[in-house]
Amino acid sequence: MKKILSLVIVGMMAASSASAQNDDYYRHEVGVTIGSGATTEIFSGLADLTEMLISATVTSAVTGGMGTGYYNYGDEKYIPTITAEYYYHVNKWLGLGGFVAFNGLDRDMYAEWTNNTNGNHYKEKTGQARRRNLSIIPTAKFDWLRKKYFGMYSKLGMGVSFMHESQKDDVDGGLDFSDTETIFNVQVSLLGIEAGSRNIRGFVELGMGEQGILLAGLRYKF
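Note that the structure is a prediction, hence the values are computed from the model and not measured.

Colleague: Where do I start with the pairing of strand S5 (residues 121–146) in this structure?
Modeller: Every other side chain in a regular strand lies on the same face of the sheet, so the side chains alternate between the two faces. Here 21 bridges tie strand S4 (residues 94–114) to S5, and the two strands are oriented antiparallel to one another. The residue of S5 that forms the bridge with Gly98 is Pro138. As paired strands, S5 and strand S6 (residues 150–169) are joined by 17 bridges and run antiparallel to one another. Paired with Arg131 across the strands is Glu165, a residue of S6. Where S5 folds back onto S6 in an antiparallel hairpin, the turn is made up of three residues.

Colleague: How should I be thinking about the packing of aromatic side chains in this particular structure?
Modeller: Each aromatic ring pair is described using two quantities: the centre-to-centre distance and the angle formed by the ring planes. All chains considered together, the criterion is met by one aromatic pair. Judged by centre distance (5.6 Å) and plane angle (15°), the rings of Tyr220 and Phe222 are stacked. The class for Tyr220 is partly exposed, based on a relative accessible area of 39%. When the ring centre of Tyr110 is taken as reference, the NZ or CZ atom of Lys123 above it lies at 4.9 Å.

Colleague: What is the right way to read the confidence of the model for the protein from this model?
Modeller: Per-chain confidence: the protein averages 84 in pLDDT, with 80% of residues scoring 70 or above. Within the protein, strand S9 (residues 214–221) carries the highest mean pLDDT (98), whereas helix H1 (residues 2–22) carries the lowest (42). Every residue in residues 7–22 is under pLDDT 50, and counting partners more than four places away or in other chains gives two contacts.

Colleague: Just to check I follow, could you spell out the pairing of strand S3 (residues 77–89) for this structure?
Modeller: Strand direction decides the pairing type here: strand S1 (residues 28–36) and S3, joined by eight bridges, are antiparallel. Looking at the pairing, Val32 lines up with Ala84 of S3. Relative to S4, S3 runs antiparallel, the two sharing eleven bridges. Each residue of the ladder has a partner; that of Ile79, found in S4, is Gly104. Between the end of S3 and the start of S4, which pair antiparallel, lie four residues.

Colleague: Sorry, what's going on with the environment of Ala129 here?
Modeller: Along the chain, the position of Ala129 falls in strand S5. Residue classification places Ala129 among the buried positions, given a relative accessible area of 0%. Along the sequence, Ala129 and Arg107 sit 22 residues apart, while their C-alpha atoms lie 5.2 Å from each other.

Colleague: So what exactly am I meant to see when it comes to the environment of Gly209 here?
Modeller: Looking at the secondary structure, you find Gly209 in strand S8 (residues 200–209). Here the alpha-carbon distance between Gly209 and Thr39, two residues 170 residues apart in the chain, equals 5.3 Å. Discounting chain neighbours no more than four positions away, the residues touching Gly209 are Gly37, Ala38, Thr39, Val186 and Gln187.

Colleague: Explanation requested: the side chain of Gln167 in the structure shown.
Modeller: With respect to the helices and strands, Gln167 occurs in strand S6. A relative accessible area of 1% places Gln167 in the buried class. In terms of polar contacts, Gln167 uses its side chain to reach the side chain of Glu165, at 2.8 Å.

Colleague: I tried to follow the side chain of Lys155 on my own but got confused; where do I start?
Modeller: With respect to the element layout, Lys155 can be found in strand S6. According to the relative accessible area criterion, Lys155 is buried, its value standing at 2%. Separated by 2.7 Å, the side chains of Lys155 and Gln211 make a polar contact. Every residue in contact with Lys155, bar those within four places of it in the chain, is listed here: Glu85, Tyr87, Thr139, Ala140, Lys141, Gln187, Val188, Ser189, Glu205 and Gln211.

Calculation rules
Residues numbered from 1 in each chain as written. Predicted model: local features only at pLDDT ≥ 70, side-chain atom pairs only at ≥ 80, totals over all residues. Heavy atoms only, no water. Pairing = 2+ DSSP bridges. Helix = DSSP H or I, 4+ residues; strand = E, 2+ residues; numbered from the N terminus. Phe/Tyr/Trp six-rings, centres within 6.5 Å; stacked < 30°, edge-to-face > 60°. Buried < 20%, exposed > 50% of the residue type's maximum accessible area, 1.4 Å probe, protein only. Lys NZ or Arg CZ within 6 Å of the ring centre and 35° of its normal. pLDDT = per-residue confidence, 0-100. Contact = heavy atoms within 4.5 Å. Polar contact = N/O pair within 3.5 Å; in protein donor to acceptor, adjacent residues only side chain to side chain.

Spelled out as structure tokens, the structure:
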């Protein structure tokens with residue numbers, strides 16, 4: 001009986017050891033990235049800001065009541081796409097989680113008008129227009145090459161983006177406009193390469209979607 005019990009215990013220990021070896025990977029990973037060419041970044045750059053007629057108050061303050069016109073906008077100043085991501089690994093090759101992404105742009109607002117008396121054209125900075133984009137994208141990560149200090153993977157995610165536009169004229173009685181649009185969004189990373197220690201790795205990805213066409217970051221596994 002003692003021999004049988006000893007064999008059972010040894011067998012359980014061997015099975016436990018084999019299971020630990022088969023389960024030799026970290027369940028959790030968190031990361032931060034910065035990317036270029038995100039979907040909302042491209043949309044924000046291509047889409048015109050909502051064109052607004054200069055209010056009567058601003059017309060009077062800026063033009064002295066001698067003309068009317070529209071707001072015009074200066075060059076874009078971009079905030080790059082920054083994301084925070086988390087994945088829980090259900091097995092060695094599949095991680096489920098997602099990321100939250102943020103980007104934006106600023107443009108100076110100009111009151112552009114023509115003097116109705118002498119026909120002269122004028123342009124004066126009066127405020128600022130902004131776009132701020134926030135995205136939530138559930139994502140699956142497929143680790144198809146796993147080495148101790150190196151790995152390759154792909155990602156696929158689908159979610160939503162909230163694109164908020166605001167325009168604020170600094171002149172008293174000026175424009176105060178805001179609008180938010182919700183759109184479907186994705187992330188497809190065809191190739192991701194990570195390298196470093198077992199816990200901390202730098203990585204780069206090539207693909208398309210809300211994290212960008214090209215992105216780089218740092219992740220921690222635990």
